[in-house]
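Read off the chains here:
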Amino acid sequence: MSFADDGIILDIRNATVYRGDTCVFDDLSFSLEEDHHTAILGPNGAGKSTILKLLAGEVHPVADDRMSIRVFGEAQWSVWDVRKRLGMVSHDLQHRYLDEVTGMKVVLSGFYASIGIYERQDFNYGQLARADEILADLGAQGLRDKPFGQMSTGEQRRCLLGRALVHDPPALVLDEPTSGLDLTATFHYLDLIRQHMQHGKTVLLVTHHIHEIPPEIKRVVLLKRGKILQDGEKRDVLTNANLSELFDCPVTLAQANGWYQAFPGR
Ligand SMILES: Nc1ncnc2c1ncn2[C@@H]1O[C@H](COP(=O)(O)OP(=O)(O)OP(=O)(O)O)[C@@H](O)[C@H]1O
């Protein structure tokens, strides 16, 4: 399964999703097309993590005749297949790694979509070489033998990006990629992501941080309380009025070199 013939990576139709007793999405429809890098922007509680959990197969929509979720054109997909084709870097994942797992093992764990690696998991020469190559590409050779618990947040995130890249997936799903990173680490990490976009990976970025939406992302979806408020070209969607409505407070946007930043007040 590579790209679907119609170039649709993800197509969610009429999904109703509960977390506990909370109806997070009522009839949500959303699709992601190949090469159409997209940001889903929403305040706390909008449902961003729930979308990620839906893709990771950790939550499920209510079964209903109208509901469908197609991934790479296929209605019947296994979570394992999806994990190979949608490289995901989430905060959930970052919190679940044990302190002693080394950078190399974090990257290798991507081959089994596991959290860390286990004795029964074997890696062939090609997989070991691929993990080393990825660490080198990410400028992270120095993290090869470093325990996760002794890495900075930025270093951990680079290793997790490496984990997401082992299968060379056509698409990456990134959860607030720069939160917790200082300015240098933010710029460095965004630069890595931009390189992957420029080399053909389609990015779905899920965030409430406007400043981490790279210039390559042209489509922005505004999500509020489980509903899509706006979905369209970034230049049309990222306006003072739309952002003020999204975050329920006055927002003024500034732009520089294709990047956006939000300031309080109008
Ligand atoms: N386990 C749960 N049980 C019940 N309700 C939940 C659960 N997890 C999330 N919710 C509710 O679902 C809604 C969407 O939550 P979600 O975590 O997806 O939002 P989010 O956009 O990721 O927020 P944040 O930016 O704060 O992480 C919220 O109203 C939240 O309170």
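Residues numbered from 1 in each chain as written. Predicted model: local features only at pLDDT ≥ 70, side-chain atom pairs only at ≥ 80, totals over all residues.

An unreviewed UniProt entry lists the chain under the name ABC transporter ATPase component, with Nitrospira japonica given as the organism. The record in UniProt for the chain states the following under Sequence similarities (unreviewed entry): "Belongs to the ABC transporter superfamily." (UniProt positions renumbered as here; feature names shortened; annotations may be inferred.)

Q: Looking at this structure, how should I read the sheet that holds strand 4 (residues 68–71)?
A: Sheet strands associate in pairs through backbone hydrogen bonding, adopting either a parallel or an antiparallel arrangement. The three strands are arranged 2-1-4 in an open sheet whose pairing can be described as antiparallel. In the strand order of this sheet, the two ends are held by strand 2 (22–33) and strand 4, each with one partner. With direction set aside, neighbouring strand axes in the sheet form an average angle of 20 degrees. For strand 1 (residues 8–19) and strand 2, the ladder comprises eight bridges, and the chain directions are antiparallel. Bridge assignment links Arg 19 to a residue of strand 2, and that residue is Thr 22. (Pairing = 2+ DSSP bridges. Helix = DSSP H or I, 4+ residues; strand = E, 2+ residues; numbered from the N terminus. Axes fitted to C-alpha atoms, helices over the stretch in contact; angles between N-to-C directions.)

Q: In this structure, what is going on with the site of the ligand? I would like to understand it.
A: Taken together, 13 residues lie near the ligand, and Arg 19, Gly 20, Asn 44, Ser 49 and Thr 50 sit nearest. Looking at the shell around the ligand, the elements with two or more residues in it are strand 2 and helix 1 (48–55). The biggest single contributor to the shell around the ligand is helix 1, with three residues. (Near = placed C-beta within 6 Å.)

Q: How do you make sense of the sheet that holds strand 8 (residues 219–224) when you look at a structure like this?
A: The six strands are arranged 5-6-7-3-8-9 in an open sheet whose pairing can be described as mixed. The open sheet has two free edges, formed respectively by strand 5 (86–89) and strand 9 (227–233), since each of these has just one partner strand. Each neighbouring strand pair of the sheet contributes to a mean axis angle of 15 degrees, computed without reference to strand direction. By the bridge criterion, six bridges tie strand 8 to strand 9 in an arrangement that is antiparallel. Bridge pairing in strand 9 places Leu 222 opposite Gln 230.

Q: Just to check I follow, could you spell out unusual backbone geometry for this structure?
A: Keep in mind that most residues, glycine aside, have a negative phi and that most peptide bonds are trans. Even without glycine at this site, Asp 27 takes up a positive phi of about 70 degrees. On the secondary structure map, Asp 27 appears in strand 2. Although it is not a glycine, Asp 168 adopts a positive phi angle of roughly 50 degrees. Along the polypeptide, Asp 168 turns up in the loop between helix 6 (153–165) and strand 6 (171–175).

Q: Is there a simple way to think about the environment of Lys 84 in this case?
A: Note that Lys 84 resides in helix 2 (residues 79–85). Separated by 28 residues in the primary sequence, Lys 84 and Ala 56 have C-alpha atoms spaced 11 Å apart. Among residues more than four places away in sequence, those in contact with Lys 84 are His 167 and Pro 169. (Contact = placed C-beta atoms within 7 Å.)

Q: Just checking my understanding: could you explain the packing of helix 6 against helix 7 (residues 183–198) for this structure?
A: The packing of two helices is summarised by the inter-axis angle and the distance between the axes. Following both chains from N to C, one finds helix 6 and helix 7 inclined at 10 degrees, their axes separated by 10 Å at the closest point. It follows from the interaxial angle that helix 6 and helix 7 lie roughly parallel. Contacts between helix 6 and helix 7 involve Gly 154, Arg 157, Arg 158 and Leu 161 from the first element and Ala 185, Tyr 189 and Leu 192 from the second. Partitioned by chemical class, the residues of the contact of helix 6 with helix 7 number four nonpolar, one polar and two charged. (Parallel < 35°, antiparallel > 145°, perpendicular 65-115°, else oblique. Nonpolar A, V, L, I, M, F, W, Y, C, P; charged D, E, K, R; others polar.)

Q: Honestly, the UniProt feature "domain: ABC transporter" (unreviewed entry) in the chain in this entry has me stumped. Any pointers?
A: Within this structure's numbering, the places UniProt gives as "domain: ABC transporter" (unreviewed entry) are residues 10–250. The span residues 10–250 shows a helical share of 34% and a strand share of 24%, and its end C-alpha atoms are spaced 33 Å apart.

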